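Observations on chain architecture
The residues making up each chain are set out below.
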Amino acid sequence: MARQTRLHEFRLIEQLRRTFGRTGPGVVRGIGDDAAVITPARGRQLVLTTDLLAEGVHFDLRTASLEDIGYKAAVANISDIAAMGARPEYALVSIALPVSYTAQHVLRLYRGMMGACRPHGVTLIGGDTSASRRGLFLSLTVTGSIPAGTALMRTGARAGDLLYVTGTLGDALAGLALLSGSRRRRAARSLTSSERQFLIIRHHRPAAQARLGQALSAHRLASAAIDLSDGLSGDLHHLCEQSRVGAEIDAASLPLSPALRAYARSSDTDPLALALQGGEDYELLFTVPQTKQRALHRVARHQGRQLTCIGMIRPPSFGVRVRETSGRVRRLPVTSYVHFRDVASERSPW
Ligand code: ADP
Ligand code: MG
């Protein structure tokens, strides 16, 4: 029988280096020295992001595995790089581990993390390790790069630009609701198991849209971009505030998955509310000048990506509004999960 060993920091780091450390063409020195050494590519700018996750605040080990948590932490960071239109490249990972943890726990966390990093070519180049008296802490820093001057900012949207999203909206929130609330678990019995699976996977294993983000910047298609981590209504407001513009979205056009529609029906929830409030989908929301629309659709076809035009950027005086299916246009509130009170307390706010 395999013996569970207590953590030995240096042995653990060595094991992480052997299992997950890679040297790539740009890596002069990765894990194992006082700091990593990277050769920057000529003519490119660095793009850097970091996230700190605390057990009980951002994730709950009763509803997610260590692999899930690692995976999603990496996706959240890669998605930030994607929303800048940049290529994700390197990761630094800091962990504070409860004393009960063994190397196996840490390897599971890293397996999830590197499972999300590998398809994007992200290399683990270092980190830090500490003990924790209270729960697991995980901090990821992901760096990327982009040709100088081409990063997609939240500030570039102009009145008349078209508003686009990738994929479908609200699935991750419905997945979380299925895992959390008992009332919604009951509602879930009327979903097929593949619908249930789809929503839960969208919650635990979202995908970062790095390839599309890079195409948007490389072909100068998008005027502004943001990734959907807080939910469409909140993130659209961020984009509009930063660009000093208004926006009008068309409720009927919001892309909803069949599983989300089924969930909304069975739990007697408004699917539109799910789409507007749902966080952690990690889809991209971006604006495109009308002259670029055809080129955008060519790129989306080429990548096999679902893109939906959900509205248009308006002058600042218009505010941020939604055209309901009835035709009524109302102000879009920055929604705060009031419909999901039982979930809200457990919802991870990253
Ligand atoms: P220092 O005392 O200089 O911080 P460490 O012993 O913490 O050195 O780190 C040694 C090497 O191991 C460094 O390259 C560091 O980046 C890497 N490292 C430490 N902890 C982790 C971790 N949790 N994940 C990945 N790399 C790590
Ligand atoms: Mg250290």
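Note that the coordinates shown come from a computational prediction; the quantities given were computed from them, not determined experimentally. (Residues numbered from 1 in each chain as written. Chains lettered and ligands numbered in written order. Predicted model: local features only at pLDDT ≥ 70, side-chain atom pairs only at ≥ 80, totals over all residues. Heavy atoms only, no water.)

Digging into the pairing of strand E6 (residues 137-147)
For a regular strand, side chains alternate in direction, first toward one face of the sheet and then toward the other. Quick reminder of the rule: The cut-offs for exposure are 20% and 50% of the maximum accessible area for each residue type, with area from a 1.4 Å probe on protein chains only; residues under the lower value are buried, those over the upper are exposed, and the others partly exposed. Secondary structure elements are defined from DSSP: runs of H or I of at least 4 residues count as helices, runs of E of at least 2 residues count as strands, and each element is numbered from the N terminus. Pairing between strands requires that DSSP locate at least two bridges from one strand to the other.
Most of E6 sits out of view: eight of its 11 residues are buried. One ladder, built from nine bridges, connects strand E4 (residues 87-98) with E6; its direction is antiparallel. When the sheet's bridge partners are listed, tyrosine 90 is paired in E6 with threonine 143.

Regarding the side chain of serine 145
Where we set the bar: Think of a polar contact as two N or O atoms within 3.5 Å of one another; within protein, one of them needs to be a possible hydrogen donor and the other a possible acceptor, and neighboring residues in sequence only count if both atoms come from side chains.
Here serine 145 is to be found in strand E6. For serine 145, a relative accessible area of 5% puts it in the buried group. Reaching out from serine 145, the side chain makes a polar contact with the side chain of glutamate 89 at a distance of 2.8 Å.

Let's talk about the domain arrangement of the chain
Rules: Source of the domain bounds: an automatic or database domain assignment. It only takes one pair of heavy atoms within 4.5 Å for two residues to be counted as in contact. Accessible area, probed at 1.4 Å, shrinks when two parts are joined; the buried area is that loss added up over both.
Taken as a whole, the chain is organised into domain 1 (9-147) and domain 2 (162-344). Taking the mean C-alpha position of each, domain 1 and domain 2 sit 27 Å from one another. Counting residues at the interface gives 19 residues for domain 1, matched by 18 residues for domain 2. Buried area between domain 1 and domain 2, summed over both chains or domains, comes out near 1600 Å², and the portion from carbon and sulfur atoms is 57%. On the domain 1 side of the contact with domain 2, Thr63, Lys72 and Ala83 bury the most area, a combined 32% of that side's loss.

Some details on the site of ligand 1
The condition is simple: Proximity is defined per residue: if any heavy atom of the residue lies within 4 Å of a molecule or strand, that residue is considered near it. Only the protein chains shown count as cover for residues, and all accessible areas are computed by the Shrake-Rupley method using a 1.4 Å probe.
Not every one of the 13 residues close to ligand 1 is listed here, only the nearest: Gly32, Asp33, Tyr110, Gly127 and Thr129. A distance of 2.9 Å is found between an oxygen atom of ligand 1 and a backbone nitrogen or oxygen belonging to glycine 127. Threonine 129 is positioned such that a nitrogen or oxygen atom in its side chain is 2.8 Å from a nitrogen atom of ligand 1. In isolation ligand 1 has 550 Å² of accessible area, and contact with the protein removes 75% of it.

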